[in-house]
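This is what each chain is made of:
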Amino acid sequence: METLEIQNLIQHAETAREHSYSPYSGYMVGAALLTDTGQIVTGCNIENAAYGPSNCAERTAFFKAVSDGVLHFRAIAIVGGKRNGKRDYAHPCGVCRQVMAEFCNPETFWIIVAKNQEEYKVYTLKELLPESFGSDNLS
Ligand code: THU
């Protein structure tokens, strides 16, 4: 991916993070998912008083896209950090990695974990979730 494309995706994740509903952890996350057709679908984390029903920003973005019939993706940018604190590198949790594995090619799907538009790390899904369980196991 080109730098400008990465930075644009990070910018969308930063904007999505502003909608984070995280009154319990105070940890705000935004994600921006790039589809095969160049569309960007955003998500934020959405917490719940019962804790368990909380949803990560990444899965919010994936579920929004899939529920609109979009199934092919190129990359996701993620930004996170405490409400008034410094930005962290918010690597996706195990559950979100597994959701990515359901829909994305492990060798060509890019995961961009960013502090800002200048400081970011880029991984393939395979690097973050090697030897994953998938639909092949069930065929
Ligand atoms: N969270 C995400 O949204 N994405 C991640 O990659 C890590 C964690 C959320 C879940 C919860 O609302 C808060 O961050 C603290 O765990």
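The rules behind each value
- Residues numbered from 1 in each chain as written.
- Predicted model: local features only at pLDDT ≥ 70, side-chain atom pairs only at ≥ 80, totals over all residues.
- Heavy atoms only, no water.
- Axes fitted to C-alpha atoms, helices over the stretch in contact; angles between N-to-C directions.
- Helix = DSSP H or I, 4+ residues; strand = E, 2+ residues; numbered from the N terminus.
- Parallel < 35°, antiparallel > 145°, perpendicular 65-115°, else oblique.
- Left-handed = near helix turned anticlockwise from the far one by under 90°.
- Contact = heavy atoms within 4.5 Å.
- Nonpolar A, V, L, I, M, F, W, Y, C, P; charged D, E, K, R; others polar.
- Core = buried A, V, L, I, M, F, W, Y, C linked by side-chain atoms within 4.5 Å.
- Buried < 20%, exposed > 50% of the residue type's maximum accessible area, 1.4 Å probe, protein only.
- Polar contact = N/O pair within 3.5 Å; in protein donor to acceptor, adjacent residues only side chain to side chain.
- Pairing = 2+ DSSP bridges.

## Considerations on the packing of helix H2 (residues 57-67) against helix H3 (residues 94-103)
Item 1. The interhelical angle for the contact between H2 and H3, taken along N-to-C directions, is 30 degrees, at an axis separation of 9 Å. When the axis of H2 is compared with that of H3, the two are roughly parallel. For the pair H2 and H3, the crossing hand works out as left-handed. Judged by residue contacts, Glu-58, Arg-59, Phe-62, Phe-63 and Val-66 of H2 engage Val-95, Cys-96, Val-99, Met-100 and Phe-103 from H3.
Item 2. In the contact of H2 with H3, the residues fall into eight nonpolar, no polar and two charged.

## As for the nonpolar core
Item 1. One finds Leu-33, Phe-62, Phe-73, Ile-76, Met-100, Phe-109 and Ile-111 to be the most contacted residues of the largest nonpolar core, which totals 24 residues.
Item 2. Elements supplying a minimum of two residues to this core: strand S1 (27-35), H2, strand S3 (73-82), H3, strand S5 (110-114) and helix H4 (125-128).
Item 3. Top element by residues in this core is H2. It accounts for four residues.
Item 4. When near neighbours in sequence (up to four residues on either side) are disregarded, Ile-76 contacts Leu-9, Ala-31, Ala-32, Leu-33, Glu-58, Phe-62, Met-100, Phe-109, Trp-110, Ile-111 and Ile-112.
Item 5. One finds Leu-9, Ile-10, Ala-13 and Ala-114 within the second-largest nonpolar core, a separate group that totals eleven residues.

## A word on the side chain of Asn-55
Item 1. Mapped onto the fold, Asn-55 is located in the loop between strand S2 (40-44) and H2.
Item 2. A polar contact is formed between the side chain of Asn-55 and the side chain of Arg-59, at a distance of 3.3 Å.

## Side note on the pairing of S1
Item 1. Taking burial as the measure, the nine residues of S1 include eight buried ones, the bulk of the element.
Item 2. Examined bridge by bridge, S1 and S3 share nine bridges and lie antiparallel to one another. Paired with Ala-32 across the two strands is Ala-77, which belongs to S3.
Item 3. Two elements, S1 and S2, share five bridges in a ladder whose sense is antiparallel. Along S2, the bridge assignment pairs Leu-34 with Ile-40.
Item 4. Counted along the chain from S1 to the antiparallel partner S2, the turn is four residues long, and its residue Gly-38 has a positive phi close to 90 degrees.

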